[in-house]
Amino acid sequence: MKIALYQPDIAGNVGTILRLGACLGVACDIIEPCGFPFSDKALKRAGMDYAEAVEIQRIADWQSFHAKAKAEGRRIALLSSKGATSLYETQFESDDILLFGSESAGVPDDVHAACDLRIRIPMQPGFRSLNVAVSAGIALSEALRQTGQLPLEKTR
C-alpha cells in the first residue's frame, strides 16, 4: 500500500500525511510540482519528527508516476469527491496506491480518467469535500483494514 499526493498545495497537509504514513508504515509519493517549497522546514510543523520515519519519493510529474505504477503492476485508486464508488464498497488490494489530488484543484480530467479506481468518501449532503489529510486517514485506514495490513498494537 502506498499514498500518492498529486501536486499538493499546503505543506501542513503534506506533513500530516507523512506523519500518517510513518505511523501506519506506508510510503508516500509526492507528484511534483508542489505549491510550496518542499523542505524540512516547511514540513516540520505538521510532520514533526515523524516525517523522517516515512519513505518519501518525489516524482517529477504525472506521466512518470503513472508509468512507474503501471510498470510495477499497481492499481491507482483516486480518492475524489467525484468518485463513482463508495470507499466502503471498494475492494482494495495490498499493493494499491491511494492517490489524493491537490487541495485547490483536485486532479485534472486526464488523471481522473487514467486511474483504475475512483472512490468517494460518503458525507452528509451539501458538503463539497473533506480536508485531504483527513481523507487520507480515513481511506488508508479502511484499505489497510481490508487487506490485513494495519499495524498490530503491541501489548504495553
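Shown above is the structure to which this text applies.
Counting starts from 1 at the beginning of each chain's written sequence and moves along it residue by residue. Local features are withheld for residues below a pLDDT of 70 in this predicted model, meaning they are given only at 70 or higher, and side-chain atom pairs are given and counted only at 80 or more; totals for whole chains, interfaces and linings count all residues. Each side-chain value is derived from all of the structure's non-hydrogen atoms; neither hydrogens nor water enter the calculation.

1. Some thoughts on the pattern of salt bridges
Between Lys or Arg on one side and Asp or Glu on the other, a salt bridge is scored when a side-chain nitrogen of the former is within 4 Å of a carboxyl oxygen of the latter. Here the structure, examined in full by the defined rule, presents eight salt bridges. Here E32 and R58 are joined by a salt bridge, their closest N and O atoms 2.7 Å apart. Of this pair, E32 sits in the loop between strand 2 (27–31) and helix 2 (40–47) while R58 sits in strand 3 (residues 56–59); the two residues are 26 residues apart in sequence, bridging distant segments of the chain. Each residue's exposure class comes from its accessible area (1.4 Å probe, protein chains only) as a fraction of the maximum for that residue type: buried when under 20%, exposed when over 50%, partly exposed otherwise. Overall, the relative accessible area of 15% leaves E32 in the buried class. Overall, the relative accessible area of 47% leaves R58 in the partly exposed class. For E142, the salt bridge goes to R145, with nearest N and O atoms at 2.8 Å. Taken as a pair, E142 and R145 lie in helix 5 (residues 132–146) at a separation of three residues, close to a single helical turn. Judged by its relative accessible area of 51%, R145 falls in the exposed class. Salt bridges sharing partners connect three or more residues here, namely K68, E72 and R74. Starting at the N terminus, helices and strands are each numbered in turn, a helix being any DSSP run of H or I of at least four residues and a strand any DSSP run of E of at least two.

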